[in-house]
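If you want the building blocks of each chain, they are given just below.
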Amino acid sequence: MHAESLAPEIQTLPTRSGALLTVRPVTAADEALLEEFFDRVSDEDRRFRFLSPRKHVGHDQLAPMVEIDHVRTETWIAFDAANGAVVGTAMLACDNSLDTGEVAVSVCQDWRGKGVGWALLDVVAKAAEHRGLRRVISIEDRENHAAIELEREKGFVPHGVDGDPTVVMLEKTFR
């Protein structure tokens, strides 16, 4: 597989609320955009995304999102098509055998509930299927009811995580 064949092109996607998103893979040049985006994500949502509290997301957390190979790891950035503001991001990180991929989605506070997460999960699922993954998983804080419900609507099945009652693993199987 060539990395170029797996990196999706720029997509324009409607959300369930009717807003249009422009979604594309990130590049290393997007680090500053992602840093500004995560500053607009609520404290609770940053905690849910990184499974630990943090006031600011800096280079150490952003580097794995932007320094990617577009095969085993891909990050997408979603823009409001009307004004170009970053409104969401999604990441797919696959194991070496391309059997399982972990999904992480973040949506800025003023765009929650508008279908951005729904649209980004569709992008990630298509990419996972294109790579031939058997399944994708998401690790969620048990208090992140919105994400758990969204993932369940998208066909993910929740499972407890042995040894950690604070999180739940949601799994979607493709084959």
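Reading guide: rules and limits
Residues numbered from 1 in each chain as written. Predicted model: local features only at pLDDT ≥ 70, side-chain atom pairs only at ≥ 80, totals over all residues. Heavy atoms only, no water. Axes fitted to C-alpha atoms, helices over the stretch in contact; angles between N-to-C directions. Helix = DSSP H or I, 4+ residues; strand = E, 2+ residues; numbered from the N terminus. Parallel < 35°, antiparallel > 145°, perpendicular 65-115°, else oblique. Left-handed = near helix turned anticlockwise from the far one by under 90°. Contact = heavy atoms within 4.5 Å. Nonpolar A, V, L, I, M, F, W, Y, C, P; charged D, E, K, R; others polar. pLDDT = per-residue confidence, 0-100. Buried < 20%, exposed > 50% of the residue type's maximum accessible area, 1.4 Å probe, protein only. Core = buried A, V, L, I, M, F, W, Y, C linked by side-chain atoms within 4.5 Å. Arc of directions from axis to C-beta. Salt bridge = Lys/Arg side-chain N within 4 Å of Asp/Glu carboxyl O. Pairing = 2+ DSSP bridges. Phe/Tyr/Trp six-rings, centres within 6.5 Å; stacked < 30°, edge-to-face > 60°. Lys NZ or Arg CZ within 6 Å of the ring centre and 35° of its normal.

At a closest axis distance of 10 Å, the pairing of helix α2 (residues 31-39) and helix α4 (residues 59-66) adopts a crossing angle of 125°. The pairing of α2 with α4 is recorded here as oblique in orientation. Handedness of the crossing formed by α2 with α4: right-handed. Note on element contacts: α4 touches α2 through His59, Leu62, Met65 and Val66, opposite Glu31, Leu34, Glu35 and Phe38. For the contact of α2 with α4, the class distribution of residues is five nonpolar, one polar and two charged.

Mean pLDDT for the protein: 87, with 93% of residues reaching 70 or above. Of all the helices and strands in the protein, helix α1 (residues 3-6) carries the lowest mean pLDDT, 45, while strand β2 (residues 20-25) carries the highest, 95. Scored below 50 in pLDDT, residues 1-5 makes seven contacts in the model with residues more than four places away or belonging to other chains.

What follows concerns the side chain of Thr73. As for its placement among the helices and strands, Thr73 is situated in strand β3 (residues 73-80). Judged by relative accessible area, Thr73 falls into the buried class, the value being 18%. Apart from residues lying up to four places away in sequence, Thr73 is in contact with Pro64, Ile68, Met91, Leu92 and Ala93.

Leu21, Val23, Phe38, Met65, Trp76 and Leu92 are the most contacted members of the largest nonpolar core, which totals 45 residues. Ranked by residues supplied to this core, first place goes to helix α5 (residues 116-131) with eight residues.

On to helix α6 (residues 145-153), then. Taken together, the buried positions of α6 are occupied by Ala147, Ile148, Leu150 and Glu151. Summarising the axial view, the buried residues of α6 lie within an arc of 165°, below the 170-degree limit, and thus occupy one face. Looking at the packing, one finds that the buried side of α6 touches α5, β6 (135-141) and β8 (167-173). Gly155 lies just past α6 and shows a positive phi near 95°.

On to the pattern of salt bridges, then. Throughout the structure, instances matching the rule amount to seven salt bridges. In this structure, the salt-bridge partner of Glu153 is Arg16, at a minimum N-O distance of 3.6 Å. In this pair, Glu153 sits in helix α6 while Arg16 sits in the loop between β1 (11-14) and β2, placing the two residues 137 residues apart along the sequence. Overall, the relative accessible area of 41% leaves Glu153 in the partly exposed class. What makes Arg16 exposed here is its relative accessible area of 56%. In this structure, the salt-bridge partner of Glu74 is Arg131, at a minimum N-O distance of 3.9 Å. Taken as a pair, Glu74 in strand β3 and Arg131 in helix α5 lie far apart in primary sequence, 57 residues in all. Its relative accessible area of 0% is what places Glu74 among the buried residues.

This paragraph deals with the sheet that holds β6. With respect to topology, eight strands assemble into an open sheet ordered β1-β2-β3-β4-β5-β6-β8-β7, the strand pairing being mixed. Looking along the sheet, the strands with just one partner apiece sit at the ends: β1 and β7 (157-160). Strand-to-strand twist across the sheet, computed as the mean angle between neighbouring axes with direction ignored, equals 30°. Relative to β8, β7 runs antiparallel, the two sharing four bridges. Bridge pairing links Pro158 to Leu170 in β8.

Now for the packing of aromatic side chains. Applying the stated criterion to the full structure yields one aromatic pair. Their ring planes at 70° and their centres at 4.9 Å tell us that Phe37 and Phe38 sit as a pair that is edge-to-face. Note on Phe37: relative accessible area 0%, which makes it buried. Directly above the aromatic system of Trp118 lies the positively charged group of Arg16, at a separation of 4.2 Å from the ring centroid. Between Lys114 and the ring centre of Trp111, over which it is positioned, the NZ or CZ distance is 5.1 Å.

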